[in-house]
Amino acid sequence: KQLILEVMGENITVVTAGGFKPPHRGHYEFFKFYLDMPNVNKVVVFSGDKEREGVGLDKTMQLFQLYGLMDHPKFEFRAAKDRPKKAGGSFTNPMMDAMDYAKENPGEIVGFGHSAKEEKYQARFLGATKKLGNTTEVPMAPELGQMSATDFRAALRNGDSIAEFLP
């Protein structure tokens, strides 16, 4: 971890994007990886509003609260912004919100937090924001097995134990 801190430097804001429908132990450990780094000022999480099998943004926020993340001084949760569609209506895109955050906060050094399965998202984030001059690569968070929100939802739907999904 010390090498990671030396590579990252000081005062980083880590942004990340996703659905988190529902957030599970893997998400919790992912956030804690960055929250526990002394040089990370905050972790800003953008989540879309798309409901998945009855799990919406309200339940996502409730679980983050139960996990203690909403009370963490470095954790910041934001619902993705509504964006107009050309054909009418609106959509949300948490990744675009993460990119907008870097643009709207030029005084902060911003990196995109990711796991191995999201490595392409960090590359996409850095490619889209490199001209801003305030973004940086951050280390990949370790994976906690093959945990998925899809499997968590299936366990809920089937009445199976959800203990393995909880922090």
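Residues numbered from 1 in each chain as written. Predicted model: local features only at pLDDT ≥ 70, side-chain atom pairs only at ≥ 80, totals over all residues. Heavy atoms only, no water.

## Section: the sheet that holds strand E1 (residues 12-18)
- Pairing is parallel across the open sheet formed by 5 strands, whose spatial order is E3-E2-E1-E6-E7. The open sheet has two edge strands with one neighbour each: strand E3 (75-79) and strand E7 (135-136).
- Note: strand E6 (residues 109-112) against E7, 2 bridges, orientation parallel. Along E7, the bridge assignment pairs Val 110 with Thr 135.
- Docked against the sheet, helix H2 (residues 25-35) engages E1, strand E2 (40-47) and E3, running at close to 150° with respect to E2. (Pairing = 2+ DSSP bridges. Helix = DSSP H or I, 4+ residues; strand = E, 2+ residues; numbered from the N terminus. Contact = heavy atoms within 4.5 Å. Axes fitted to C-alpha atoms, helices over the stretch in contact; angles between N-to-C directions.)

## So, the pairing of E2
- E2 sits mainly inside the fold: 6 of its 8 residues count as buried.
- Of the pairings in the sheet, the one linking E1 to E2 comprises 7 bridges and is parallel in character. Within E2, the residue paired with Ala 17 across the bridge is Phe 46.
- What joins E1 to E2 is H2, and the crossover it makes is right-handed. (Buried < 20%, exposed > 50% of the residue type's maximum accessible area, 1.4 Å probe, protein only. Right-handed = clockwise from strand over helix to strand, strands pointing away.)

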